[in-house]
Amino acid sequence: MKTFNKPKEMQAYRKTITKSVGFVPTMGALHEGHISLIKQSVEENETTIVSIFVNPTQFLEGEDLESYPSKIEADLKICELAGVDAVFLPTAKTMYESDELRITAPKIKGFILEGAKRPGHFDGVLQVVLKLFNITSPTKAYFGKKDAQQLFMIENMVKHLFLPIMIVPCEIVREGDGLALSSRNVYLSAKEREIALFLSKSLKYATKQIIEGERDTAKIKAMMEEVLSATELEYVEIVDREFNLLKEVEIGDSILLVAARVGTTRLIDNMWV
Ligand code: PAF
């Protein structure tokens, strides 16, 4: 497995590959969720490239940029065992100049839900993902459905900028008890982890209500809010796959979303119905 730190070296390697390239962008602290993305890429492509870069521009003032979990040695081992061909490990210095053009997320859908709670977050995500796409020129790029709005933003960027890349949405990976895997789960104490389970419980409960015939999103959201009362709830919302807020659940075209704080940890989860 090769490793590259400099964008130009990564690009030079990419130029030597003539067949399909699968790309999995990450911020490291790899877990089973990332591994499932990597495995899918390895299965579907001749070559798989993983990037590990804690991108400063997507963190807001006061967020966990400085303390974001990092375990590079373990991450590289995981990549090697999963059959990754190359890992790109840039630094902020090689990725950014002090005065450069900026990508901004769409003014409406980039500033609701996650975008409202973390204004500017998606600008940073799109900025770095576009750079990473230009450096790795992937045939396919793999993103988890757990960051549903991020996935939607990236699909839109590919569409709006006519990028010749196929975005592959990948299923959420959960612990046996339902907790969605996230690099930030390591921040949770045992007690907080119990409370964090209310996120997936609320989604499960809402799905059950929907299966039993409930369609009114106001009622479903109220039920979810009750289940989530032990958390510091940021939002519960039900949107269609284009991130329009829904009054009625549309089976096959809806996403139930939740964001909440447990202690100092901010968690998100969702269910596609
Ligand atoms: O989902 C993430 O880990 C990050 O937002 C991404 C896509 C790697 C961009 O930094």
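Above this text is the structure in question.
Just so we're clear, the structure is a prediction, and the values are computed from it rather than from any experiment.

Thresholds applied
- Residues numbered from 1 in each chain as written.
- Predicted model: local features only at pLDDT ≥ 70, side-chain atom pairs only at ≥ 80, totals over all residues.
- Heavy atoms only, no water.
- Buried < 20%, exposed > 50% of the residue type's maximum accessible area, 1.4 Å probe, protein only.
- Helix = DSSP H or I, 4+ residues; strand = E, 2+ residues; numbered from the N terminus.
- Arc of directions from axis to C-beta.
- Contact = heavy atoms within 4.5 Å.
- Salt bridge = Lys/Arg side-chain N within 4 Å of Asp/Glu carboxyl O.
- Core = buried A, V, L, I, M, F, W, Y, C linked by side-chain atoms within 4.5 Å.
- Near = heavy atom within 4 Å.
- Polar contact = N/O pair within 3.5 Å; in protein donor to acceptor, adjacent residues only side chain to side chain.
- Areas by Shrake-Rupley, 256 points an atom, 1.4 Å probe, with all protein chains shown as cover.
- Nonpolar A, V, L, I, M, F, W, Y, C, P; charged D, E, K, R; others polar.
- Axes fitted to C-alpha atoms, helices over the stretch in contact; angles between N-to-C directions.
- Parallel < 35°, antiparallel > 145°, perpendicular 65-115°, else oblique.
- Left-handed = near helix turned anticlockwise from the far one by under 90°.

Another point: helix H1 (residues 7–15). Among all positions in H1, only Pro7, Met10, Tyr13 and Arg14 are buried. The arc that holds the buried residues of H1, viewed along the axis, is 125°, so those residues lie on one side. Counted as exposed and oriented over 90 degrees from the buried face of H1: Lys8 and Lys15. The inward-facing, buried residues of H1 abut strand S1 (2–4), strand S2 (21–26), strand S3 (47–52), strand S4 (86–88), helix H4 (92–95) and helix H6 (121–136).

Let us now look at unusual backbone geometry. Residues other than glycine seldom take positive phi values, yet Ala29 does so here, at roughly 50°. Turning to its location among the elements, Ala29 is positioned in the loop between S2 and helix H2 (32–44). Positive phi, close to 35°, is recorded for Ser137, a residue that is not glycine. Checked against the element boundaries, Ser137 lands in the loop between H6 and strand S5 (140–144). Residue classification places Ser137 among the partly exposed positions, given a relative accessible area of 34%.

Further remarks concern the pattern of salt bridges. One pass over the structure, following the stated rule, counts 14 salt bridges. Measuring nitrogen to oxygen at the nearest pair gives 3.7 Å for the salt bridge that ties Lys71 to Asp75. Overall, Lys71 belongs to the partly exposed group, its relative accessible area being 35%. The buried category is assigned to Asp75, whose relative accessible area is 0%. The salt bridge involving Lys77 is made with Glu80; its shortest N-O contact spans 3.9 Å. Of this pair, Lys77 and Glu80 both sit in helix H3 (residues 72–82), separated by three residues, roughly a single helical turn. In the salt-bridge network here, residues are joined through shared partners; they are Glu114, Glu234, Arg261 and Arg266.

Within soluble globular proteins, side chains that are nonpolar tend to cluster in buried spots. In this structure, Phe133 and Ile167 are the most contacted members of the largest nonpolar core, which totals 42 residues. Elements with a minimum of two residues in this core: H1, S2, S4, H6, S5, helix H7 (148–160), strand S7 (232–240) and strand S8 (254–262). Sorting elements by how many residues they give to this core places H6 first, with nine residues.

What follows is about the site of the ligand. Near the ligand you find Pro25, Thr26, Met27, Asn55, Gln58, Val128, Phe143 and Gln150, and these make up its full shell. Gln58 is positioned with one of its side-chain polar atoms (N or O) 2.6 Å from an oxygen atom of the ligand. In the model, an oxygen atom of the ligand is placed 2.7 Å from a nitrogen or oxygen of the Gln150 side chain. Computed on the free molecule, the ligand has an accessible area of 290 Å², of which 88% lies beneath the protein chains in the complex. For the shell around the ligand, the per-class residue count stands at four nonpolar, four polar and no charged.

This paragraph deals with the side chain of Thr207. Counting through the fold element by element, Thr207 comes out in helix H8 (residues 190–211). The buried category is assigned to Thr207, whose relative accessible area is 18%. Dropping the residues within four chain positions of it, Thr207 is found in contact with Leu256, Met271 and Val273.

A separate point is the environment of Phe59. In this structure, Phe59 sits in the loop between S3 and H3. Phe59 sits in the buried class, given a relative accessible area of 9%. Sequence-wise, Phe59 and Gly120 are 61 residues apart; in three dimensions their C-alpha atoms are separated by 8.5 Å. When neighbours within four sequence positions are excluded, Phe59 is seen to be in contact with Met27, Val54, Asp64, Leu65, Tyr68 and Arg184.

Two elements in contact, H8 and helix H9 (residues 217–227), have axes separated by 9 Å at closest approach and are oriented at 150°. Between H8 and H9, the crossing angle belongs to the class labelled roughly antiparallel. The hand of the H8/H9 crossing is right-handed. For the pair formed by H8 and H9, the contact residues are Phe198, Lys201, Ser202, Leu203, Tyr205, Ala206, Gln209 and Ile210 on the first element and Ile220, Met223, Met224 and Val227 on the second. By residue class, the composition of the contact of H8 with H9 is nine nonpolar, two polar and one charged.

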